[in-house]
Structure formats: C-alpha cells, structure tokens
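Structural features, examined
Residues per chain, in single letters:
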Amino acid sequence: TAAGVLAAVPAGLVIAAQPRQATEPTRPFTVPLRVPRPLRPVRLADHDLYRLTTREADVAILPGTTSRVRTFNGALSPLIVARRGRPVVIEQANALDVPFSMHLHGGHVPAHSDGHPDNEVAPGRSRLFHYPNTQLASTMWVHDHSHHAHAENIYRGAAATYVLTDPAEDRLPLPKGQYDVTLQLRDAKIEENGTLVYDLHGFQDRPTFLVNGSPRPYFEVAARKYRFRLVNTSNERAFVLRLGEGEEFTHIATDGGLLPAPVPSRILQVWPAERQEIVVDFSKYPVGSKVVLQTMMTFPGEAPEVLRFDVVRSAADPSSVPGRLRPAPDLGTPTVERQFAMSFDPASQQHLINGRPFDVNRVDFRPRLGTTESWTIENKDTAFTIPHSMHPHLEHFRVVERNGKPAGPSEAGLKDTVTVMPGESARILIRFTDYTGMFMFHCHLMGHLTMGMMGQMEMVR
Ligand code: C2O
Ligand code: CU
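Residues numbered from 1 in each chain as written. Chains lettered and ligands numbered in written order. Predicted model: local features only at pLDDT ≥ 70, side-chain atom pairs only at ≥ 80, totals over all residues. Heavy atoms only, no water.

**Some thoughts on the overall build of the protein chain**
- Helix and strand counts for the protein chain stand at four helices and 32 strands.
- Over its C-alpha trace the protein chain gives a radius of gyration of 21 Å, about what one expects of a compact globule, namely 23 Å for 461 residues.
- For the C-alpha atoms alone, the extent of the protein chain along its principal axes is close to 60 × 55 × 50 Å.
- Buried positions account for 59% of the 461 residues belonging to the protein chain.
- Accessible area for the protein chain stands at about 17400 Å²; split by element, carbon and sulfur atoms hold 51% of it. (Helix = DSSP H or I, 4+ residues; strand = E, 2+ residues; numbered from the N terminus. Rg over C-alpha atoms; globule rule 2.2 N^0.38 Å. Buried < 20%, exposed > 50% of the residue type's maximum accessible area, 1.4 Å probe, protein only. Areas by Shrake-Rupley, 256 points an atom, 1.4 Å probe, with all protein chains shown as cover.)

Below, the structure is given as structure tokens:
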C-alpha cells in the first residue's frame, strides 16, 4: 500500500504531497522525450554482432546548450533488443581516457563476459563480450564495472538498455511496437551552460531528472494502453512514482521479467539499477489531457516532476493485460543459509558487508552449482538512515520475506537487485545453475559500492 511504502522512505526526504513549482533553471515539459530506436546489429549466422564505442560526445540536453557526456556510440540511453535463443556479441572499443568494464546488469552470462573489474578494457583497446541470451525475457541494462571509474562513467551517461524478448512473452497481448517504450530515469546536475557536474552520489542542489537523456520531458501519447519499461540508472536516486493525482496503472514486470500476475498499483518504487514495468491505459483520459508522472521522494527544494504524458490523439487498442503473465519461478528448496549485514563505518568512511570492505584478493564464498541458497540481507544503518541494496551478478532471485513476513505480489517475480531500508531485512532465494567462475555481489548505490560495499563469489561444481 502507499502508506506502507511511505513508512519505508528514508528519513530526511520530503514527500511532495502536491506538485510544486520547479526551482531549477529549466522549466519542466519544454523538451520532447527522446525515444531510442533499437541499434542495428550485423546479423551473422549464429549471433548478432554490435559494435559499441565508449566515447565522449557533446549532446543536447538542456535547450540551447550541449553537455559533454560519456556514451555508447555518441548517444544517451541507446537500446539493444535481443531475442531469447539468439546470442549477441558486443565488440566494445574504448575511446574514453579511462578504463571501462562492460557489464550486462541482469544478464546470465559467463564470467569472462561479465565485466569483472579485473577484465577492464584499457583506453584505446577493445574486447568481445558474449551474451548467450538463454534466460527468460526481461529488461536489462549495460554499464561500466571498472575498478575506479564505474560510478563516474555511469553518472556521465554511459548506460544502454538491453531488452530481451522471448516467444512466450510475444504471444501475450501486451502493448507492442511503438506502444512499448523504454524509459531510463536518472538525476543529474547540469548547469545553465550545459556543464554536467559529477557527483558520486548524484544528490546535488537542484538536480534535473532525465528520461532517456531528456530533461523532465513531455511525451505525446495516444489514448490507449502503453507498456513502459522503467530503468533507474541513477547513482543513488530512488524514484517513488505517482501518476497524475494518484491514478491507477498496472505493474507487470520487475528486474527478471514478467510477474506471475499483474498488480494494480498507484505508486511505484524504482531504486537504483532496478527495472519496473507498467502498463498505463490513457484511454480513460480525454484527448487534450496532460498527465504528470512525479516522484514523491525528493530533497527540500527539488521539483518532483519527472515526465508529462500529453494525450494527443485517439487510437485503436487491440492490447490487453492478461490475468496471468508468467508462472512464478520455482527456485527449489534452500540448503545453504547466508547472512549479509550491510553497514557504514564512519571512522573509515567505508561501507561494509559483514564488517569487511571489498578486497579483490578475497573470495567471500563459493556457491555450488545446482544448489539453492537462502540469503538474509540486513541493513544495519539505523544510525545513518542509509538505504542499501543487494545485487548479485549472474543469477536472478526471488524475494520471499521482508522483515520476516511474506513479500507482496509486486515482488513475486524474478529480481536481481533488492533494496532494504535502515533497520529492515529481506530474505531471498537464489539458485546457482550452470556457470562457474568469479562474480561480484554488491550494493548498487554507487557511492557505497565505490566505498567498499562489494564482494565476490566463486561458483564451483
Ligand atoms: Cu549493475 Cu555489478 O552491477
Ligand atoms: Cu548501500
């Protein structure tokens, strides 16, 4: 419920009850939403090949200015659409002057292509990444995982969306084609002259919210159903979204793809690195309506507006949201228990998991293939009211409990990132299936990750 969500919002954040006037230099809703078209691969016999060059580019973000950003192929928020069963190979050429280690967040990929910090691509070099696409349909994203540059590479713009489709999902009557739209959300501090100001945490005085790289844009829609794939690529910003005056939409998918059943919702939390998918039916609004998507979690002085939907035309709508989407995942019975205590040490200014900061020379544990594990993630940061998340690479999981009680229907599907509020806990089930090798697990708040909140697990037979 909304009340439950709001109770869980960290202290120090303001809940905007009413839309307020924007207090930043740019007025909201003056720029149209950028809608990325899927990149075109080279189609080879047994895989699709993409060439992604990581490089700086001057991109128009605020009206009348350009901003120097870090990109894949010169664009913000590019989109790759892949199909289950058809592998993708990406040749990444690094034209940045910092290392880059490409990671497919949510991807079930072999260790050599997972973007482990030890596999950085140095400036001027290139490397092939193999994505087998054997997993179920889901919305993923691609970002850097290098040792010291990752937080800045993400903040400065290098984030691609990677949508994996599959035949079972294609057969569902959900909105498709131009009515299936990816929305990458983030905050950024951009000065009036267009300069993007880096901040590890992303929280700065009067940031602007970007959607696919467009600042608080408007999006012209038809009066029918749309599927929106929301991806939060912020370093640390959570979005707690509300549509219009709190109108209903349908929550259909999370990080690992479709929920077992749709969940009617009026509020949607999207924490850093999470994906949430919703269907919005604009047919209930008369043509000419303007419907604002805003975040209810802002710092003092921040404007809450994220995006405005302008209903500009009517349209036929053969789509619908079926009552059953995808069977609930069966992850088996856990035979191993692990605890993860997330905390901040003010003396060392480090964020720790089980009292220890990341050490590339330490393997924290070794899961066995074929085993289901039960992980309890506990946020110990009651004194600092800092939220933390847990993101294991390689395998999706299911959230089974929050604070000892069964998790709700919005968490009944597959996840790869779970956020836990100060003093709270989550229990997840995770099953290790096929790949061996070294993989990371970490908090996805980039400041915390940079300041130690990461470990590595080695999957073994
Ligand atoms: Cu978005 Cu280590 O991941
Ligand atoms: Cu954290």
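From this point on, the discussion continues.
**Considerations on the pattern of salt bridges**
- All chains considered together, the criterion is met by 31 salt bridges.
- In this structure, Arg70 engages Glu152 in a salt bridge whose closest nitrogen and oxygen atoms are separated by 3.7 Å. With a gap of 82 residues between them, Arg70 in strand E3 (residues 67-72) and Glu152 in helix H2 (residues 150-155) connect regions that are remote in the sequence.
- Here Arg70 falls in the buried class, since its relative accessible area comes to 8%.
- In this structure, Asp317 and Lys225 form a salt bridge, with 3.0 Å as the shortest nitrogen-oxygen distance. Taken together, the positions of Asp317 in the loop between strand E22 (305-314) and strand E23 (336-345) and Lys225 in strand E15 (residues 225-232) put the pair 92 residues apart, joining distant regions of the chain. (Salt bridge = Lys/Arg side-chain N within 4 Å of Asp/Glu carboxyl O.)

**Here we look at the environment of Pro367**
- Among the structural elements, Pro367 can be located in the loop between strand E24 (350-353) and strand E25 (372-379).
- Judged by relative accessible area, which is 0%, Pro367 ranks as buried.
- For the pair Pro367 and Thr436, spaced 69 residues apart in the sequence, the C-alpha separation amounts to 9.2 Å.
- Beyond its immediate sequence surroundings of up to four residues, Pro367 is in contact with Arg338, Glu373, Phe432, Met457, Glu458, Met459 and Val460. (Contact = heavy atoms within 4.5 Å.)

**Considering the coordination of the copper ion (ligand 2)**
- All of the protein donors around the copper ion (ligand 2) are His388 (ND1), Cys443 (SG) and His448 (ND1); their distances to the metal are 2.0 to 2.1 Å.
- Counting along the primary sequence, the residues that act as donors to the copper ion (ligand 2) give the motif H-x54-C-x4-H.
- Judged by its relative accessible area of 0%, Cys443 falls in the buried class.
- Judged by relative accessible area, which is 4%, His448 ranks as buried. (Donors = N, O, S within 2.8 Å, 3.2 Å for Na, K, Ca; no water.)

**A word on the domain arrangement of the protein chain**
- Domain assignment breaks the protein chain into domain 1 (2-29 + 172-314), domain 2 (42-170) and domain 3 (336-459).
- In this complex, domain 1 contributes 37 residues to the contact, which on the side of domain 2 involves 31 residues.
- Buried area between domain 1 and domain 2, both sides added, is near 2700 Å², and the carbon and sulfur share of it is 57%.
- The interface formed by domain 1 and domain 2 includes one salt bridge.
- For Glu169, the salt bridge is made with Arg227, and the minimal N-O distance between the two is 2.7 Å.
- Seen at the junction of domain 1 and domain 2, the total is 17 residue pairs in polar contact (both at pLDDT 80 or more).
- Of all the secondary-structure elements, those providing two or more residues to the side of domain 1 that touches domain 2 are strand E10 (180-190), strand E11 (196-197), E15, strand E18 (257-265) and strand E20 (275-281). (Domains from an automatic or database assignment. Buried area = accessible area lost by both parts, 1.4 Å probe. Polar contact = N/O pair within 3.5 Å; in protein donor to acceptor, adjacent residues only side chain to side chain.)

**So, the packing of aromatic side chains**
- Taken as a whole and assessed by the stated rule, the structure comprises 20 aromatic pairs.
- Judged by centre distance (5.8 Å) and plane angle (65°), the ring pair of Phe340 and Phe365 falls under edge-to-face. In this pair, Phe340 sits in strand E23 while Phe365 sits in the loop between E24 and E25, placing the two residues 25 residues apart along the sequence. Comparing Phe340 with Phe365 shows no difference in burial state: the two are buried.
- One aromatic cluster in this structure is built from Tyr179, Phe219, Tyr226, Phe228, Phe282, Tyr285 and Phe309.
- In this structure, Arg127 is placed above the aromatic ring of Phe129, and the distance from its NZ or CZ to the ring centre is 5.7 Å.
- When the ring centre of Tyr179 is taken as reference, the NZ or CZ atom of Arg224 above it lies at 3.6 Å. (Phe/Tyr/Trp six-rings, centres within 6.5 Å; stacked < 30°, edge-to-face > 60°. Lys NZ or Arg CZ within 6 Å of the ring centre and 35° of its normal.)

**Some points on empty space enclosed by the protein**
- The full count for this structure, using the stated rule, is four cavities of 30 Å³ or more.
- Each pocket or cavity is described by its volume, and for the largest cavity that value is around 110 Å³.
- Along the wall of the largest cavity there are 16 residues; nearest its centre are Leu76, Ser77, Gly157, Gln184 and Arg186.
- Elements with a contribution of two residues or more to the lining of the largest cavity: H2 and E10.
- Class assignment of the residues belonging to the lining of the largest cavity gives a composition of eight nonpolar, six polar and two charged.
- Formed jointly, the lining of the largest cavity draws a minimum of three residues from each of two domains, domain 1 (2-29 + 172-314) and domain 2 (42-170). (1 Å grid on protein atoms, 1.4 Å probe; cavity = no way out; pocket = protein on both sides within 12 Å on 5 of 7 lines; lining within 4 Å. Points joined across faces, edges and corners; volume = space filled by probe spheres on them. Nonpolar A, V, L, I, M, F, W, Y, C, P; charged D, E, K, R; others polar.)

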